[in-house]
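One-letter residues, chain by chain:
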Amino acid sequence: DVKVTQSSRYLVKRTGEKVFLECVQDMDHENMFWYRQDPGLGLRLIYFSYDVKMQEKGDIPEGYSVSREKKERFSLILESASTNQTSMYLCASRTGTITDTQYFGPGTRLTVL
Amino acid sequence: AQTVTQSQPEMSVQEAETVTLSCTYDTSESDYYLFWYKQPPSRQMILVIRQEAYKQQNATENRFSVNFQKAAKSFSLKISDSQLGDAAMYFCAFFGGGTSYGKLTFGQGTILTVHP
């Protein structure tokens, strides 16, 4: 079974802090994604990566950056956390075949105070 | 840009009954894929069922089936013989080519409650 893990289930940070959310997949998938999930808005794509050190902006990249130094790990970075970034963050991975299923991690509930 | 709309924020069903969750989408593409994902209270999202737009036959996975109406741009999920474990948030998602190539567009989600 594909396993996608995220470093924390719950995280509380202060405004202005730099925040790292980590995601690791164990199936050698080429593609990885970061979404945020908010009530009434569904999931919105922040960034996706199609290879090591290769990424593209999604629909809502403002205030975020990403890093993918190794194939299995995809990090989401909040350079200076703000209260409007309080949300559930979901990581997903997929093979290089774009019609294949995306596999999701358990999510990180981030609260920015 | 594609949009996906789930007009039912919440639905409920009695155990063993059937429930249908609605989804509509908007696209100018002719070749695309549609998905239903389930997010149980533990939060790990899993794929329930997928439909390729070029296939006229509706997809079925055990108790889950879809009603895909391409002309109407409608993609509903039917859950038969509902079980307590079906309680979750369900997301409809669209995948196509063009500028959105490589990513899914999700609807707002429908929370399904199953009553014993």
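Scroll up to find the structure this text is about.
Nothing here was measured: the structure is a model prediction, and the numbers come from that model. (Residues numbered from 1 in each chain as written. Chains lettered and ligands numbered in written order. Predicted model: local features only at pLDDT ≥ 70, side-chain atom pairs only at ≥ 80, totals over all residues. Heavy atoms only, no water.)

A.B. asks: Mind showing me how you'd approach the nonpolar core here?
C.D. replies: In summary, soluble globular proteins display a tendency toward joint burial of nonpolar side chains. Formed by 25 residues in total, the largest nonpolar core has its most connected members in Tyr25(B), Trp36(B), Phe75(B), Leu77(B) and Tyr90(B). Contributing elements (two or more residues each) for this core: strand S3 (19-21), strand S5 (33-39), strand S6 (46-52), strand S8 (64-69), strand S9 (74-79), strand S10 (88-95) and strand S12 (110-115) of chain B. Looking at this core, the element that brings in the most residues is S10(B), giving four residues. Aside from chain neighbours lying at most four places away, what touches Leu77(B) is Val19(B), Thr20(B), Leu21(B), Trp36(B), Val48(B), Ile49(B), Phe64(B), Ser65(B), Val66(B) and Tyr90(B). Grouped together as the second largest cluster of nonpolar side chains are 20 residues, Val19(A), Cys23(A), Trp34(A) and Tyr64(A) included. (Core = buried A, V, L, I, M, F, W, Y, C linked by side-chain atoms within 4.5 Å. Buried < 20%, exposed > 50% of the residue type's maximum accessible area, 1.4 Å probe, protein only. Helix = DSSP H or I, 4+ residues; strand = E, 2+ residues; numbered from the N terminus. Contact = heavy atoms within 4.5 Å.)

A.B. asks: Sorry, what's going on with the pattern of salt bridges here?
C.D. replies: Proximity of charged atoms lets side chains of opposite charge pair with each other. Applying the stated criterion across every chain yields a total of 11 salt bridges over all chains. Among the ionic pairs, Glu52(B) bridges to Lys55(B), the shortest N-O distance being 3.8 Å. The class for Glu52(B) is buried, based on a relative accessible area of 13%. Residues joined by salt bridges that share partners form a network here, namely Asp28(A), Glu30(A) and Lys71(A). (Salt bridge = Lys/Arg side-chain N within 4 Å of Asp/Glu carboxyl O.)

A.B. asks: Looking at this structure, I do not really get empty space enclosed by the protein. What am I missing?
C.D. replies: Regions of empty space are outlined by a rolling probe, equal in size to a water molecule, passed over the atoms. For the structure shown, the criterion picks out one cavity of 30 Å³ or more. As a volume, the largest cavity reaches approximately 40 Å³. In terms of lining residues, the largest cavity is bounded by Arg94(A), Ile98(A), Thr99(A), Asp100(A), Thr101(A), Gln102(A), Phe35(B), Tyr37(B), Phe95(B) and Leu104(B). (1 Å grid on protein atoms, 1.4 Å probe; cavity = no way out; pocket = protein on both sides within 12 Å on 5 of 7 lines; lining within 4 Å. Points joined across faces, edges and corners; volume = space filled by probe spheres on them.)

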